[in-house]
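# Structural characterization, general
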There are 2 protein chains.
Amino acid sequence: MRANRDDAGGQDQRHRCSCTSLRKASRRISQLYDVALAPCGLKTTQRAILGELRRSEPATLGQLAAALVMDAGALAHTLKPLERDGYLAIGIDPNDRRARLIRLTPIGQAKLIESDALWEQAQHRFDSLFGAAQSESLRAALTILISGEFAAGFEVSLS
Amino acid sequence: MRANRDDAGGQDQRHRCSCTSLRKASRRISQLYDVALAPCGLKTTQRAILGELRRSEPATLGQLAAALVMDAGALAHTLKPLERDGYLAIGIDPNDRRARLIRLTPIGQAKLIESDALWEQAQHRFDSLFGAAQSESLRAALTILISGEFAAGFEVSLS
DNA sequence: GACCTATATCTGCATATGCTGATAATCAGA
DNA sequence: TCTGATTATCAGCATATGCAGATATAGGTC
């Protein structure tokens, strides 16, 4: 009996994969925010890209990818629909012609502002439901995980 | 000055999107776990699917999708590579021919066991680096976000 | 048994994301 | 200045994920 419980405990450990938990939560919460943002036509990811640009415009693909914790190639793909829809413009950096300078267009700025109100509603709902302190604490924990230091430490322990 | 700080605070608020933080952390940690799992050829998502099957085999597409917090259509796509590689088998439920019964194959079971050791290393690294208590606390928080009750409460507050 | 409704999947389309090899441009030397 | 190493992107391929419309099957009703 005791042994069985220990075994069951061992099994349960495998349910508690931090990565899988993060992915599940990411899927669930993304769906909720996406529904909230739907009226403006942006997905959470797209809003995150435009929002990052608002803070650090103009940005190169590499800078943007690093800020969003994304692969540069993946980001290049993701930018295409946004460029196609006229929310951002991609030009060549005159100082380094390998690099691109990515900027919000006036249309993109307007769309982002339009999304702000919807985002605030969603975020407020999240904080109310989960608890303001819990939310703050969660975001702090996630910030650590997102940091390059964490990834560096993780990889070092591979040796 | 005070006004400027308030404005900056308003700007910063938009950096603190819970959904975007989750997505960034999910990307980052997935990359770390995927590297750790690479020797066995499974991605974190694939291991999560096989692991869920190990716990609740056989499962229908709908059951599996619910357990993984995924859209059923999306899961159907994601299963194809795993079926193609012989890790799982999809049959028709004789009791309800609309439904599918998904099971691990012996090859899938072996592959999953092979991945267990790699996963444990990654998980241990995560817990060591982030802190055992912090990790436990994070997973508990994520479990709440993943729950259907949270999603239901979020949507209700839409009214 | 025909019919209407609810349910489980499937299909096709679109975006999200990552990796690898190719290409272009920069830069530090020889 | 030519070359080799480095860097920023791109292009192509594969998986991940979601959604809407189509299809098949169950179940209940007249």
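As the structure is a prediction and not an experimental result, all values here were calculated from the model. (Residues numbered from 1 in each chain as written. Chains lettered and ligands numbered in written order. Predicted model: local features only at pLDDT ≥ 70, side-chain atom pairs only at ≥ 80, totals over all residues. Heavy atoms only, no water.)

## Considerations on the environment of A:Leu82
All names here are of chain A. Residue position: leucine 82 is located in helix H5 (residues 72–84). It is 22 Å that separates the C-alpha atoms of leucine 82 and isoleucine 29, two residues lying 53 residues apart in sequence. With residues up to four places along the chain from it excluded, the contact list for leucine 82 reads Gln46, Ile49, Leu50, Tyr87 and Leu88. (Helix = DSSP H or I, 4+ residues; strand = E, 2+ residues; numbered from the N terminus. Contact = heavy atoms within 4.5 Å.)

## What to know about the UniProt feature "domain: HTH marR-type" (unreviewed entry) in chain A
Per the UniProt annotation, the sites labelled "domain: HTH marR-type" (unreviewed entry) are residues 15–147 of chain A. Taken as a whole, residues 15–147 of chain A contains 71% helix and 8% strand, while its terminal C-alpha atoms sit 25 Å from one another. (UniProt positions renumbered as here; feature names shortened; annotations may be inferred.)

## A few points about the packing of helix H6 (residues 106–130) of chain B against helix H7 (residues 132–146) of chain B
Residues and elements named next belong to chain B. Contact pair H6 / H7: the axes reach a minimum separation of 6 Å and the direction vectors enclose 110 degrees. The angle between H6 and H7 falls in the class roughly perpendicular. Contact with H6, carried on its side by Gln123, Phe126, Asp127 and Phe130, involves Ala132, Gln134, Ser135, Leu138 and Arg139 of H7 and no other residues of that element. Each residue belonging to the contact of H6 with H7 can be placed in one class, and the counts come to 4 nonpolar, 3 polar and 2 charged. (Axes fitted to C-alpha atoms, helices over the stretch in contact; angles between N-to-C directions. Parallel < 35°, antiparallel > 145°, perpendicular 65-115°, else oblique. Nonpolar A, V, L, I, M, F, W, Y, C, P; charged D, E, K, R; others polar.)

## A few points about the interface of chain A and chain B
Contacts between the two partners involve 57 residues from chain A and, on the opposite side, 57 residues from chain B. Buried area between chain A and chain B, both sides added, is near 6000 Å², and the carbon and sulfur share of it is 68%. On inspection of chain A and its partner chain B, the count reaches 0 salt bridges. Between chain A and chain B we count 20 residue pairs in polar contact (both at pLDDT 80 or more) in total. Going through the elements one at a time, helix H1 (2–15), helix H2 (18–37), helix H3 (44–55), helix H4 (61–68), helix H6 (106–130), helix H7 (132–146) and helix H8 (148–156) of chain A are the ones with two or more residues in the side of chain A that touches chain B. Examining the composition of the side of chain A that touches chain B, we find that 16 residues originate from one element, H2(A), more than from any other. Of the residues that constitute the side of chain A that touches chain B, the class distribution is 27 nonpolar, 15 polar and 15 charged. (Buried area = accessible area lost by both parts, 1.4 Å probe. Salt bridge = Lys/Arg side-chain N within 4 Å of Asp/Glu carboxyl O. Polar contact = N/O pair within 3.5 Å; in protein donor to acceptor, adjacent residues only side chain to side chain.)

## Section: the relation of the copies chain A and chain B
Least-squares fitting of chain A to chain B yields an RMSD of 0.0 Å, with the superposition described by an axial translation of 0.0 Å and a rotation of 180 degrees. One copy is carried onto the other by what is essentially a two-fold rotation axis. (Least-squares fit on C-alpha atoms with pLDDT ≥ 70 in both.)

## As for the protein's contact with DNA strand D
Neighbouring DNA strand D are 23 residues, the closest being A:Arg23, A:Arg27, A:Gly62, B:Met70 and B:Arg98. The share of sugar and phosphate among atoms of DNA strand D within 4 Å of the protein is 72%. Separating a phosphate oxygen of DNA strand D from a side-chain N or O atom of A:Arg23 is a distance of 2.8 Å. With respect to DNA strand D, the side chain of A:Gln31 contributes an N or O atom lying 3.3 Å from a phosphate oxygen. (Near = heavy atom within 4 Å.)

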